[in-house]
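Here is how the chains run, residue by residue.
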Amino acid sequence: MANPEDLEIVSSPLAIVIDELHSKYKSLQAGVVANYIPELAKVNPDLFSICIVTVDGQVYEVGEYKQLFTIQSISKVFAYGLALEDHGRDYVLTKVGVEPTGEAFNAIILDEQSKRPYNPMVNAGAIATTSLIKGSGATERLNRMLDMFRRYVGHDVFVDISVFTSERSTGHRNRAMAHLMLNFGMIDKNIEEALDLYFQQCAVMVNCRDLAVMAATLANKGTNPITKEQAVDSHYIKDILSVMYTCGMYNFAGEWAYKIGVPAKSGVCGGIIAVVPHQMGIGVFSPPLDARGNSVRGVKVCEELSQRLCLHLFECSGR
Ligand code: DON
């Protein structure tokens, strides 16, 4: 038997790659933190973490991976899954399309013919999606949403009340979208309740490890690879990943699909999740954003991870 003192400690290749990328991009000073929600402007722009969780439950992380932040638009992915479970694919499709917009995430546009918002990953579509969440009142709907997040991350989650109220009192653009959709009968008349739930889901607090576990759950057909709990019906994974792939990075979605080639979603918090089906979930957190609202360091890290680990869905053989 080998003497334990003679054993060389070998780091996993994934740990080495994320350590290298963290060191490489930590000094990158570009982008600005989101400031249209006053509370978000207070974040430290130097925070930077990367986490990978594999579908067999291995966790690799670097940087401030325990730092909490609000999930923002990344929540749209998971709310979409819940709406699909609540109503089924066909009904949800009558209310929210699956077409990329090529526009900013907060564009006030609906499909000319159907009057639907274009897709569930942009604000208008996400508000419509959230308005579909079932429950006998606001509290039950919020609790169902929080329980859904709990299944994905593997522990209870909470809403950051100051971010929620900050967005609720300044989110006039989102309110305008809700009114437009109400006008066309795309959402229920109780728009304030739908908006509150939308602002609350955006203000759910997570850390970078949570992001990676959530992404890995999607990579693992809806089963959380750590807790083994089914977070979403596996039947809807293809719907969720398809809209992430085509619409998750807003007006950068085409370039992302071309260069990086995996389903992903970003948020103005500076988080990005990327899903490598049947392999792993990736979470990156770095608050400074580019002009399209995507984390500058996050995009760089994912681009290089995709190249170095051969993650592009259409490039890498054997999948
Ligand atoms: O509705 C909003 O503006 C925010 N709560 C979420 C926006 C967001 O994260 C868009 N992402 N890039």
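Right above here is the structure, for reference.
Residues numbered from 1 in each chain as written. Predicted model: local features only at pLDDT ≥ 70, side-chain atom pairs only at ≥ 80, totals over all residues. Heavy atoms only, no water.

Student: Which residues make up the sheet that holds strand β5 (residues 264–266), and what are the values?
Tutor: Here we have five strands laid out as an open sheet, ordered β2-β1-β7-β6-β5, and antiparallel in their pairing. Two strands in the sheet have a free side with no partner beyond their single neighbour: β2 (59–63) and β5. Strand-to-strand twist across the sheet, computed as the mean angle between neighbouring axes with direction ignored, equals 10°. For strand β1 (residues 49–54) and strand β7 (residues 280–285), the ladder comprises six bridges, and the chain directions are antiparallel. Bridging from a neighbouring strand, Ile50 pairs with Val284 of β7. Each of β1, β2 and β7 is contacted by helix α1 (residues 13–25), which is oriented at about 20° to β2, the strand it contacts most. (Pairing = 2+ DSSP bridges. Helix = DSSP H or I, 4+ residues; strand = E, 2+ residues; numbered from the N terminus. Axes fitted to C-alpha atoms, helices over the stretch in contact; angles between N-to-C directions. Contact = heavy atoms within 4.5 Å.)

Student: I'd like a description of the site of the ligand, backed by residues and values.
Tutor: Every one of the 13 residues lining the ligand counts as a neighbour, but Tyr36, Gln72, Ser73, Glu167 and Tyr198 are closest to it. Between the ligand and Ser73, the relevant distance is 2.6 Å, taken from an oxygen atom to a side-chain nitrogen or oxygen of the residue. For the ligand, a nitrogen atom lies 2.9 Å from a polar atom in the side chain of Tyr250. When the free accessible area of the ligand is taken as 340 Å², the share hidden by the protein chains comes to 99%. (Near = heavy atom within 4 Å. Polar contact = N/O pair within 3.5 Å; in protein donor to acceptor, adjacent residues only side chain to side chain. Areas by Shrake-Rupley, 256 points an atom, 1.4 Å probe, with all protein chains shown as cover.)

Student: I'd like a rundown of the packing of helix α2 (residues 75–87) against helix α10 (residues 237–247), residues and numbers included.
Tutor: Their axes nearest at 10 Å, the elements α2 and α10 cross at an angle of 145°. Relative to α10, α2 is oriented so that their crossing is right-handed. When α2 is examined against α10, the residues Val77, Tyr80, Gly81 and Leu84 are found in contact with a partner set consisting of Asp239, Ile240, Val243 and Met244. (Left-handed = near helix turned anticlockwise from the far one by under 90°.)

Student: Explain the packing of helix α5 (residues 138–153) against helix α9 (residues 208–219) to me, using residue names and the numbers behind them.
Tutor: Between α5 and α9, the shortest axis-to-axis distance is 8 Å and the interhelical angle comes to 85°. Considering the angle they form, α5 stands roughly perpendicular to α9. Residues Phe149, Tyr152 and Val153 of α5 touch α9, and the partners they reach there are Asp210, Val213, Met214, Thr217 and Leu218. Within the contact of α5 with α9, the residues separate by chemical class into six nonpolar, one polar and one charged. (Parallel < 35°, antiparallel > 145°, perpendicular 65-115°, else oblique. Nonpolar A, V, L, I, M, F, W, Y, C, P; charged D, E, K, R; others polar.)

Student: Tell me about unusual backbone geometry, residues and numbers included.
Tutor: Located in the positive-phi region is Lys228, a residue other than glycine, with phi close to 70°. Topologically, Lys228 is positioned in the loop between α9 and α10. Relative accessible area serves as the criterion here: at 55%, Lys228 is assigned to the exposed category. Although it is not a glycine, His278 adopts a positive phi angle of roughly 65°. As for its position among the elements, His278 is in the loop between β6 (271–276) and β7. Judged by relative accessible area, which is 55%, His278 ranks as exposed. (Buried < 20%, exposed > 50% of the residue type's maximum accessible area, 1.4 Å probe, protein only.)

Student: Tell me about the pattern of salt bridges, and please be specific about residues and values.
Tutor: Scanning all chains against the criterion turns up 14 salt bridges. Linking Asp147 and Arg151 is a salt bridge whose minimum nitrogen-to-oxygen distance equals 3.3 Å. Of this pair, Asp147 and Arg151 both sit in helix α5, four residues apart, which is roughly one turn of that helix. One continuous salt-bridge network, built from bridges that share partners, spans Glu20, Lys24, Glu304 and Arg308. (Salt bridge = Lys/Arg side-chain N within 4 Å of Asp/Glu carboxyl O.)

Student: Break down the pairing of β1 for me, with residues and values.
Tutor: Across the six residues of β1, six count as buried, placing the element largely inside the fold. The two faces of β1 match: Ser49, Cys51 and Val53 on one face and Ile50, Ile52 and Thr54 on the other face are all buried. Two strands pair when backbone bridges link them, and β1 and β2 are joined in this way by five bridges, in the antiparallel orientation. Considered in β2, the bridge of Ile50 is made with Val62.

Student: A description of the pairing of β6 should follow, citing residues and the corresponding values.
Tutor: With six of six residues buried, β6 lies mostly within the body of the structure. Burial along β6 is two-sided: Gly271, Ile273 and Val275 and Ile272, Ala274 and Val276, pointing in opposite directions, are all buried. Looking at chain direction, β5 and β6 are connected through three bridges and run antiparallel. Bridging across to β6, Ala264 finds its partner in Ala274. Bridge count between β6 and β7: six bridges; the pairing is antiparallel. Counterpart to Gly271 in the pairing with β7 is Phe285. Following β6, the chain reverses through three residues before pairing antiparallel with β7; His278 in that reversal takes a positive phi of roughly 65°.

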